[in-house]
Amino acid sequence: MTEHHTGILYIVATPIGNFSDMTQRAIETLQCVDYIAAEDTRHSARLLNHFNITTPQIAYHDHSDEKRLQKIMQILLEGQSVALISDAGTPLISDPGYQLVKVVRKEGVRVVPIPGVCAMVTALSVAGLPSDRFIFEGFLPAKQNARRVYLESLRRESRTLIFYESTHRLLDSLQDMTDTFGSGRKAVIARELTKTFETVLDGSLQDLVIKVTEDHNQQKGEFVILLGGYKKSDEFIRIDASVVQTMKILLDELPIKQASAIAAKLTGLKKRDLYQWALDNKL
Ligand code: SAM
């Protein structure tokens, strides 16, 4: 069978909260295909009902059995088309789809992207952190030991780092990040993007741990955590969080040069290092 006679697999992005972010092309594609392969068919029913899409759904998860994947392959080889969606955002991005796309492409069947929302890009676009180079790390390991080991491997990563995090691990992860990257590392928490309680908090990791601990509402919902990349001057910030505090207080009143000189006397650290840190952190 030539490629011409096979169906097409569409990879369709859906909103991450606000249904108005659904694209016209996504609606038309989901209406026109023969089947919609969804991560959770009950969850997707809400979105499909909202847009009056009546296309039959089949469940698909990368951990579904091989039979399910073969069934979708069969549908495509018979010339019918399938659209893959996930619970929210772009399929394959911390969501099912990789196994399916890999197998389908191997068979020479066309895979067409229908782009739309992705939480990490949405968060990066408002974070105010360097966006020319970044690294997406998805979800960190759930167990603390594994998480700390993993974070340690990223300690000297100079690109902006982007993580997904769930509500019950937010504080633990922030704490582990503080211990690994230093309390002064710049961070952003993008919460409930495109939804009613959307908030984008920024500050040092230390600031954010305090804000999130004090305000329990900031621990509810869905989160993207972004960190500024490693700078040489981070080395000494790791030594003592109180240095960061001292510098901030002095910089509120004095120019960088004087603040660094006084902080050097108070802390015993090198004036040059403190000066560089203030420049790097744009204080
Ligand atoms: N495929 C999705 C995408 O394109 O972004 C991501 C799916 S992943 C299973 C879910 C995670 O994405 C959440 O735990 C959270 O970290 C992030 N996320 C999804 N929706 C979000 C939102 N509205 N605000 C902030 N983060 C969100």
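Residues numbered from 1 in each chain as written. Predicted model: local features only at pLDDT ≥ 70, side-chain atom pairs only at ≥ 80, totals over all residues. Heavy atoms only, no water.

Chemist: Sorry, what's going on with helix H4 (residues 98–106) here?
Modeler: In an α-helix, one full turn covers 3.6 residues, which means residues spaced three or four apart are oriented alike. Of all the residues in H4, the buried ones are Leu-100, Val-101 and Val-104. Projected down its long axis, H4 carries its buried residues within an arc of 95°, all on one side. On the buried face of H4, the contacting elements are strand S1 (8–12), helix H3 (66–77), strand S4 (82–85) and strand S5 (110–114). Of the residues trailing H4, Gly-108 is marked for its positive phi of about 80°. (Buried < 20%, exposed > 50% of the residue type's maximum accessible area, 1.4 Å probe, protein only. Helix = DSSP H or I, 4+ residues; strand = E, 2+ residues; numbered from the N terminus. Arc of directions from axis to C-beta. Contact = heavy atoms within 4.5 Å.)

Chemist: I'm lost on helix H11 (residues 256–267) in this one. Help?
Modeler: In this model, H11 (12 residues) spans 16 Å end to end at C-alpha, consistent with the 16 Å of a helix rising 1.5 Å per residue. In the core, the buried residues of H11 are packed alongside helix H10 (241–253) and helix H12 (271–280). Trailing H11 by a residue or two, Gly-268 shows a phi angle of about 80°, which is positive. (Expected span 1.5 Å × (residues − 1).)

Chemist: For this particular structure, what's the right way to read the sheet that holds strand S10 (residues 223–227)?
Modeler: What holds strands together in a sheet is hydrogen bonding between their backbones, with the strands either parallel or antiparallel. With mixed pairing, five strands are arranged side by side in an open sheet as S6-S7-S10-S8-S9. In this open sheet, the two edge strands, each paired with only one partner strand, are strand S6 (134–139) and strand S9 (199–204). Direction aside, neighbouring strands of the sheet carry axes that sit 15° apart on average. The pairing of strand S8 (residues 186–191) with S9 spans six bridges and is antiparallel. Across the sheet, the residue bridging to Lys-186 is Ser-204, located in S9. The strands touched by helix H5 (residues 119–127) are S6, strand S7 (160–165), S8, S9 and S10; relative to S10, the strand with the most contacts, the crossing angle is about 50°. (Pairing = 2+ DSSP bridges. Axes fitted to C-alpha atoms, helices over the stretch in contact; angles between N-to-C directions.)

Chemist: Can you help me understand unusual backbone geometry in this one?
Modeler: Keep in mind that most residues, glycine aside, have a negative phi and that most peptide bonds are trans. Non-glycine residue Leu-92 carries a positive phi angle of around 80°. Among the structural elements, Leu-92 can be located in the loop between S4 and H4. Classification of Leu-92 by relative accessible area gives partly exposed; the value is 29%.

Function-wise, these values are silent; they only describe arrangement.
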